[in-house]
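The primary structure of each chain is shown beneath.
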Amino acid sequence: PRPRARPRDGLGTARPPLKGDGSPMQASDVLPMATLPPYSLAEPHATLVKFGFPRTCLHLGEHWAVLVRPAQVTLGSLVLCSVRDIRAFGDLPSEAFAEQGALIAQIEQLLTRFSRYEKINYLMLMMVDPQVHFHVLPRYEGTRSHGGGDYPDSGWPGFPDLARTTQATEALVEELKSAWKRND
């Protein structure tokens, strides 16, 4: 495990993080980057597969994949998924957080144009699919239409209704892929 932010004493001086036995943590106690679980895209983990990888993949980075969510809660629903078999958000390397920030900016730019959302929800549930991932749901009042299909936001203005979805068509996946490439 990586050390958490250092607590400060009453004078504002950072105290070293402590190990489970109460002793100060040393640099040698932190896992080096080389110990990250290896991954192979030839054998993607179950969460990537569930959300359609590689067919639904808009972007594949060093730490994250952006996928079209097969069950569209709202028009343009995506999944931001770690490419490694990591099951705790805090176990991701710091580089993954930097990449995530850049991807969120791209995702929001894409979805602003594509689904004209009013709000956006990032849900990190991980109760069924254990690898680190976020459901990215553009939110809007009413219904958006695309390719002959309707995509209502059934939960607006409350929680998204994850039980009421519309299946993503191949045309929708391909259009989002093209829009992502134009957005790059």
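Residues numbered from 1 in each chain as written. Predicted model: local features only at pLDDT ≥ 70, side-chain atom pairs only at ≥ 80, totals over all residues. Heavy atoms only, no water.

**Student:** Can you help me understand the pattern of salt bridges in this one?
**Tutor:** Side chains carrying opposite charge are able to pair once their charged atoms draw close together. Under the definition given, this model contains six salt bridges. Note that Lys-50 and Asp-129 form a salt bridge whose closest N and O atoms lie 3.3 Å from each other. Of this pair, Lys-50 sits in helix H1 (residues 46–50) while Asp-129 sits in the loop between strand E5 (119–123) and strand E6 (133–139), placing them 79 residues apart in sequence. For Glu-170, the salt bridge identified is with Arg-55, shortest N-O distance 2.6 Å. Here the residue Glu-170 occupies a position in helix H3 (residues 170–183), and Arg-55 occupies one in the loop between H1 and strand E1 (57–60), the gap between them amounting to 115 residues. (Salt bridge = Lys/Arg side-chain N within 4 Å of Asp/Glu carboxyl O. Helix = DSSP H or I, 4+ residues; strand = E, 2+ residues; numbered from the N terminus.)

**Student:** Is there a simple way to think about a nonpolar patch on the surface in this case?
**Tutor:** Residues Leu-125, Met-127, Val-128 and Leu-162 make up a contiguous nonpolar surface patch of about 440 Å² in total accessible area. Mapped onto the elements, Met-127 comes out in the loop between E5 and E6. Taking the relative accessible area as the measure of exposure, Met-127 reaches 76% and is therefore exposed. (Patch = residues over 30% accessible without salt bridge, like charges linked within 9 Å, V, L, I, M, F, W, Y side chains within 5 Å. Areas by Shrake-Rupley, 256 points an atom, 1.4 Å probe, with all protein chains shown as cover. Buried < 20%, exposed > 50% of the residue type's maximum accessible area, 1.4 Å probe, protein only.)

**Student:** Is there a simple way to think about the confidence of the model for the chain in this case?
**Tutor:** For residues with low pLDDT, the predicted coordinates do not support detailed interpretation. Overall, the prediction assigns the chain a mean pLDDT of 86, with 79% of residues at 70 or greater. Scored below 50 in pLDDT, residues 6–17 makes 16 contacts in the model with residues more than four places away or belonging to other chains. (pLDDT = per-residue confidence, 0-100. Contact = heavy atoms within 4.5 Å.)

**Student:** Looking at this structure, how should I read the pairing of E1?
**Tutor:** The two faces of the sheet receive side chains in turn, since in a regular strand these alternate between them. When E1 meets strand E2 (residues 64–68), the two strands line up antiparallel, connected through three bridges. Bridging across to E2, His-59 finds its partner in Val-66. (Pairing = 2+ DSSP bridges.)

**Student:** I keep staring at unusual backbone geometry and nothing clicks. Help me out?
**Tutor:** Most peptide bonds take the trans form, and the phi angle of most residues other than glycine is negative. Cis peptide bonds are those with omega within 30 degrees of zero, and the linkage from Phe-53 to Pro-54 qualifies with 5°. The residue Pro-54 is located in the loop between H1 and E1 in this model. Between Trp-156 and Pro-157 the backbone carries a cis peptide bond, its omega angle lying at 5°. Assignment of secondary structure puts Pro-157 in the loop between strand E8 (149–152) and strand E9 (166–167). You will see that Met-126, though not glycine, has its phi angle at about 55°, which is positive.

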